[in-house]
Amino acid sequence: MPDQSTDSSQIIQHRLAAEGADQLILAGVNDANLQELARICGCRVVLRDDEVVLSGSLADVERCVPIARHMIDLARMETPFSVSDIGRFADVVAESEGLPPSALEGSKIILPGSRKVITPKSAGQKLYIDEINRTEIVIGVGPAGTGKTYLAVAMAVDALHKKRLRRIVLVRPVVEAGEQLGFLPGSVEEKVDPYLRPLYDALGDMMPPEQLRRALENRTLEIAPLAYMRGRTLSDAFVILDEAQNTTTLQMKMFLTRLGLNSKAVITGDKTQIDLPRREDSGLLEVERILQGIDGISFVYLTEVDVVRHRLVKEIIKAYARVRPGNAGSQESE
């Protein structure tokens with residue numbers, strides 16, 4: 001706790017030990033990280049020798065302490081973080097009633113092939129990862145930028161590395177969002193490829209190129225339009241249905257009934273980005289109504305608090321929600 005006085009109006013000083021922390025990572029270029037921490041918490045933040053000194057009112061310093069401690073811990077592990085990450089650390093503390101950001105470490109995903117460690121950036125993302133570990137079907141609903149697809153793909157790659165499942169199947173509905181697919185040049189595969197590109201991008205960030213190429217060649221990894229799933233049974237597989245808000249009710253039922261033995265499914269969608277001619281035809285809206293409460297099926301709702309893109313994305317989502325409550329968000333997918 002802070003060094004002195006319980007009067008919240010009095011300026012107090014609190015010191016945090018920072019021995020062993022990489023000072024460049026901790027402070028940031030030109031002290032940008034410390035300045036952002038000071039801006040968010042409303043107190044003065046100074047890195048002095050092997051101490052971080054916090055000065056301000058009791059309330060401001062208490063709000064700052066768990067965030068500063070987490071930054072010091074990351075710097076000790078030589079784990080880089082950015083100015084925008086500090087805002088997310090603060091969100092975790094605020095949304096979780098003081099939950100320290102270090103509590104998220106228990107749900108991190110380690111991908112040995114790419115030497116990548118993926119840690120949830122918010123309490124909502126931690127819940128999402130924990131539910132994927134716990135249940136057979138997880139339906140993740142939330143706006144763009146909350147990591148729905150990225151984290152699901154990371155969990156799938158992790159399960160494949162650990163040989164919990166034999167293959168990964170990633171599918172998306174091909175629905176035109178204002179563009180006319182038929183007028184695009186090229187073969188059917190070339191026309192469909194842009195719709196599947198975000199899935200390739202996520203995988204490319206988690207698997208070395210040669211490993212990704214081999215997985216695609218030997219069918220350990222399959223990326224396909226949702227229509228290609230009809231008539232199949234997917235056993236011993238981690239199956240992800242992305243952009244589920246653009247499935248019809250029949251397509252959603254078809255997908256859910258493809259699951260075979262020892263399979264896990266993650267369904268991701270954003271109810272504010274439905275591109276179907278009639279919004280009420282969305283399979284995502286229907287499963288939300290009829291599958292609640294079934295053992296083994298979990299719904300996780302992410303919000304703008306969980307957005308992990310540029311800080312302005314969160315503000316853009318809020319602005320659209322105020323103006324068009326039923327259709328907020330951007331056209332960009334996860």
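Residues numbered from 1 in each chain as written. Predicted model: local features only at pLDDT ≥ 70, side-chain atom pairs only at ≥ 80, totals over all residues. Heavy atoms only, no water.

Counted under the stated rule, the structure contains two aromatic pairs. On the basis of an interplanar angle of 65° and a centroid distance of 6.0 Å, the ring pair of Phe-81 and Phe-89 is categorised as edge-to-face. Of the two residues examined, Phe-81 and Phe-89, each falls in the buried class. Arranged with centres 6.4 Å apart and planes meeting at 10°, the rings of Phe-299 and Tyr-301 form a pair that is stacked. Residue classification places Phe-299 among the buried positions, given a relative accessible area of 15%. (Phe/Tyr/Trp six-rings, centres within 6.5 Å; stacked < 30°, edge-to-face > 60°. Buried < 20%, exposed > 50% of the residue type's maximum accessible area, 1.4 Å probe, protein only.)

Our focus in this paragraph is the sheet that holds strand β3 (residues 51-56). Pairing within the open sheet is antiparallel, and its three strands lie in the order β1-β3-β2. Only two strands of the sheet have a single partner each, and these edge strands are β1 (12-17) and β2 (44-48). This sheet shows a mean twist of 20° between the axes of neighbouring strands, independent of strand direction. Bridge count between β1 and β3: six bridges; the pairing is antiparallel. Note that in β3 the partner of Leu-16 across the bridge is Val-52. Packing of helix α3 (residues 58-76) onto the sheet brings it into contact with β1, β2 and β3, and relative to β1 it is tilted by some 15°. (Pairing = 2+ DSSP bridges. Helix = DSSP H or I, 4+ residues; strand = E, 2+ residues; numbered from the N terminus. Axes fitted to C-alpha atoms, helices over the stretch in contact; angles between N-to-C directions. Contact = heavy atoms within 4.5 Å.)

In this section: the pattern of salt bridges. Within the structure shown, the criterion is met by 19 salt bridges. Its salt-bridge partner being Asp-236, residue Arg-166 comes within 2.8 Å of it at the nearest N-O pair. Of this pair, Arg-166 sits in the loop between α6 (148-161) and β7 (167-172) while Asp-236 sits in the loop between β8 (221-225) and β9 (237-241), and the two are 70 residues apart along the sequence. In this structure Asp-236 comes out as buried when scored by relative accessible area, which is 15%. Glu-210 serves as the salt-bridge partner of Arg-213, at 2.1 Å between the closest nitrogen and oxygen. Note that Arg-213 and Glu-210 are positioned in helix α8 (residues 209-217) at a spacing of three residues, about one turn of the helix. Relative accessible area serves as the criterion here: at 39%, Glu-210 is assigned to the partly exposed category. (Salt bridge = Lys/Arg side-chain N within 4 Å of Asp/Glu carboxyl O.)

These values are about where atoms sit, not about what they do.
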